[in-house]
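# Observations on the model geometry
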Amino acid sequence: MVANTVITMAEKGGSSKTTLCDLLAQALGDAGYKTCAGDLDGQCNLTTAAGVNADEHKGIYEVLKKEVEVADAIVPVDGYDLLPGSKLMKNWESEASGLKDRDFRLRNVVQDINDYYDFVLFDTPPFFGVSTTSTLFTNSKVFVLIPTTPDKFGVEGVKDTIEDIEAVQEGFSFFGIEIIIAGIVITQVDKGPGFSKKSIKQVKAREAVATLEKIAEEHNTKVFEQYLFNNKQYKDMIANQANVFTNSGYSIPQKQITNVMNELIKTIGEHNAEKA
């Protein structure tokens, strides 16, 4: 079975993109899925969050340069496998510009792991360069999650991200690659007094979510039911580089990311059933 490819993508920094990718990899691993997460961002935040020092490992940069095989670069971490990032990825944008296979280099070098894992995740930089666009070609079908804060800047970031994804889909449709925007995930918002997964405290945030729901409907996607609410446990998880499923004290992010994972798996299943 070919892996399900999931990409966390946002053209706005501070959207909790890396946290979402890390937590999702943890949740999938805990649920029994063989999972690998690749760090394409030159800041190496996913690598750091997983407790790995990027300077001590060959990673995605060396794989792209064909200096090491992808299987030899993968590092087992708590709950999943990691394809480490590299600070040298900041140079990859210019280095790849002269390559004939720049858009498909990543697809070619990670092809082998698509037959081994159930899920392959990619955390991308917060801009739409080669490192980001190439993740969209890593499988014949990829699913994109767009995390965002519910504010004006977040809304604009989502608009830009969707617009660029759709431009890539249109421009490369003749390659038979299917890019599905699985949904928008609301992050870093204060929970309201209600018990609903969508209960939000701030009026402006509620207004932003309403706008995001309209955008989602216009582009045949959705806003996920579960939000990632502000909570001290998220800060502690990041500070401690912790897996919320194998360490105690993280019941809130554990519950919320499990709901996100289940909705993602359902979305993937529904899409695959439609295409069957």
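As a reminder, the structure under discussion sits directly above these lines.
The paragraphs below set out a description of the structure included in this document. It should be emphasised that the depicted structure is a prediction, and the values quoted were computed from it without experimental measurement. (Residues numbered from 1 in each chain as written. Predicted model: local features only at pLDDT ≥ 70, side-chain atom pairs only at ≥ 80, totals over all residues. Heavy atoms only, no water.)

Moving on: unusual backbone geometry. Leaving glycine aside, a negative phi is the common case for residues, and trans is the common case for peptide bonds. Backbone geometry places Ser16, a non-glycine residue, at a positive phi of 70°. One can find Ser16 in the loop between β1 (4–8) and α1 (17–30). Of note in the backbone geometry, Asn220 takes a positive phi value of approximately 60° without being a glycine. Within the element layout of this structure, Asn220 appears in the loop between α9 (203–218) and β8 (228–229). Relative accessible area serves as the criterion here: at 74%, Asn220 is assigned to the exposed category. (Helix = DSSP H or I, 4+ residues; strand = E, 2+ residues; numbered from the N terminus. Buried < 20%, exposed > 50% of the residue type's maximum accessible area, 1.4 Å probe, protein only.)

Put simply, α1 and helix α11 (residues 251–275) touch, their axes get as near as 9 Å, and they point 80° apart. In terms of their interaxial angle, α1 and α11 are classed as roughly perpendicular. Contacts between α1 and α11 involve Leu20, Leu23, Leu24, Ala27 and Leu28 on the former and, on the latter, Ile257, Val260, Met261, Leu264 and Ile265. Residues of the contact of α1 with α11, tallied by class, amount to ten nonpolar, no polar and no charged. (Axes fitted to C-alpha atoms, helices over the stretch in contact; angles between N-to-C directions. Parallel < 35°, antiparallel > 145°, perpendicular 65-115°, else oblique. Contact = heavy atoms within 4.5 Å. Nonpolar A, V, L, I, M, F, W, Y, C, P; charged D, E, K, R; others polar.)

Inspection of the entire model under this criterion finds seven aromatic pairs. Judged by centre distance (4.9 Å) and plane angle (25°), the ring pair of Phe104 and Phe137 falls under stacked. A residue pair is termed long-range when its members are at least 10 positions apart, and Phe104 in the loop between α5 (89–96) and α6 (105–110) and Phe137 in the loop between α7 (130–133) and β6 (141–148) qualify at 33 residues. With relative accessibility at 19%, the residue Phe104 sits in the buried group. Between Phe104 and Phe172 the ring centres are 6.2 Å apart and the planes differ by 65°, which places this aromatic pair in the edge-to-face class. Of this pair, Phe104 sits in the loop between α5 and α6 while Phe172 sits in the loop between α8 (152–171) and β7 (178–189); the two residues are 68 residues apart in sequence, bridging distant segments of the chain. By the ring-pair criterion, three or more aromatic residues cluster together here, those being Phe104, Phe137 and Phe172. The positively charged end of Lys34 is found above the aromatic ring belonging to Tyr116, 4.2 Å away from the centroid. (Phe/Tyr/Trp six-rings, centres within 6.5 Å; stacked < 30°, edge-to-face > 60°. Lys NZ or Arg CZ within 6 Å of the ring centre and 35° of its normal.)

Our next topic: the pattern of salt bridges. Any two side chains of opposite charge can pair, so long as their charged atoms come close to each other. In the structure shown here, the tally under the stated rule is seven salt bridges. With a shortest N-O distance of 3.3 Å, Glu263 and Lys222 are connected by a salt bridge. Here Lys222 lies in the loop between α9 and β8 and Glu263 lies in helix α11, a separation of 41 residues in the sequence. By relative accessible area, Lys222 is classed as partly exposed at 27%. The shortest N-O distance in the salt bridge between Asp236 and Lys232 comes to 2.8 Å. With Asp236 and Lys232 both in helix α10 (residues 232–240) and four residues apart, the pair spans about one turn of that helix. (Salt bridge = Lys/Arg side-chain N within 4 Å of Asp/Glu carboxyl O.)

Take the sheet that holds strand β5 (residues 119–123) next. The sheet built from eight strands is open, its strands ordered β3-β4-β2-β5-β1-β6-β7-β8 with mixed pairing. This sheet does not close on itself; its edge strands, each paired only once, are β3 (75–76) and β8. Here five bridges tie strand β2 (residues 35–39) to β5, and the two strands are oriented parallel to one another. Within β5, the position partnered with Cys36 by the bridge is Val120. Contacting β1, β2, β5, β6, β7 and β8, α1 runs over the sheet at an angle of about 165° to β5. (Pairing = 2+ DSSP bridges.)

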